[in-house]
Amino acid sequence: MIVFEHVSKIFKNNWTALYDINLNVNKGEFVFLVGPTGAGKSTLLKLIYCGDSASSGKLNVMSYPLHDSLSDAQITQLRRKIGIVFQDFKLLLDRTVYENIEFTLRVIGIRPLLIPEIVTSALNKVGLYNRKDFYPYQLSGGEQQKIAIARAIAKNPEILLADEPTGNIDYKGSTEILRILKDINFNGTTVLMATHDHIIAETSNKRIVRLENGKLLSDGD
Ligand code: ADP
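The structure displayed is predicted, hence computed values, not measured ones.

Visitor: In this structure, what is going on with the sheet that holds strand β10 (residues 215-220)? I would like to understand it.
Guide: As a general point, the strands of a sheet are linked pairwise by backbone hydrogen bonds and lie either parallel or antiparallel. Within the open sheet, the six strands sit side by side as β6-β7-β8-β3-β9-β10. Their pairing is mixed. The outermost strands of the open sheet, each flanked by one partner alone, are β6 (82-86) and β10. Sheet twist, expressed as the average angle between the axes of neighbouring strands with direction ignored, equals 15°. Bridge count between strand β3 (residues 30-34) and strand β8 (residues 190-195): five bridges; the pairing is parallel. The partner of F30 across the bridge, within β8, is V191.

Here it is, written out as structure tokens:
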């Protein structure tokens, strides 16, 4: 589903953020990407969602060859199949929970008539339907992250990328976020979660890919 072959990423200032990465993530897997700050985790996720492009090597995501220049239409198609969750939630602060998810669905062209049911289902999956009329500032960090997850899964993605989703959240909230991500994975979505918190990864019984200084150090359970 995601195949990195000898992928490197060198930024304009000549900084090598990823070096000769080989990685194969199969459909339905849950993979932790673990490493200290600066290891290259965000850069690796960014390449998958076409937020940036590799400097060399081959990267295939759901059979889209990202190393060949894709058309804008292909990039849009690919992004529709990928949900993304960030450490800082990136919710629209002047819109309610419902409107945040509705907005994303409208942008990708979902028929307005279908939207209420999709939003309800996504909010039920994260257990926060009763917060649908709240604004982000009226929610805890953990709740905001659950809304960000609901927004990401509302478009029914094949891949969910989570970049330090528990980075701003207390222990209890982190445990709940992880449970939700595992549920999503159990229902068939491939999940790739970046974290500097190796304990979260090591206690989860999932595949762990370790990155350090842009290099893949190990890959295993
Ligand atoms: P992580 O997510 O593991 O904390 P990042 O992928 O954000 O790491 O960054 C990896 C390395 O690449 C870091 O050393 C960072 O400073 C560097 N880096 C990230 N973005 C850029 C950029 N746009 N230009 C130059 N260097 C960058």
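Visitor: I keep staring at the layout of surface pockets and nothing clicks. Help me out?
Guide: Its boundaries defined by the atoms lining it, the largest pocket holds a volume of some 490 Å³. Residue assignment for the lining of the largest pocket shows that the elements contributing at least two residues are α2 (72-80), β6, α3 (97-107) and α5 (141-154). A per-class count over the lining of the largest pocket returns ten nonpolar, four polar and five charged. Approximately 300 Å³ is the volume found for the second largest pocket.

Visitor: Teacher, can you tell me more about the pairing of strand β1 (residues 2-10) here?
Guide: Looking along a regular strand, one sees side chains alternate from face to face of the sheet. As judged from the six bridges shared by β1 and strand β2 (residues 16-25), these two strands associate in the antiparallel manner. Bridging across to β2, F4 finds its partner in L23. Where β1 folds back on β2, the antiparallel hairpin that results is connected by five residues, among which N14 adopts a positive phi of roughly 75°. Bridge analysis of β1 against strand β4 (residues 56-61) gives five bridges, and the strand direction is antiparallel. Within β4, the position partnered with S8 by the bridge is S56.

Definitions and cut-offs
Residues numbered from 1 in each chain as written. Predicted model: local features only at pLDDT ≥ 70, side-chain atom pairs only at ≥ 80, totals over all residues. Heavy atoms only, no water. Pairing = 2+ DSSP bridges. Helix = DSSP H or I, 4+ residues; strand = E, 2+ residues; numbered from the N terminus. Axes fitted to C-alpha atoms, helices over the stretch in contact; angles between N-to-C directions. 1 Å grid on protein atoms, 1.4 Å probe; cavity = no way out; pocket = protein on both sides within 12 Å on 5 of 7 lines; lining within 4 Å. Points joined across faces, edges and corners; volume = space filled by probe spheres on them. Nonpolar A, V, L, I, M, F, W, Y, C, P; charged D, E, K, R; others polar.

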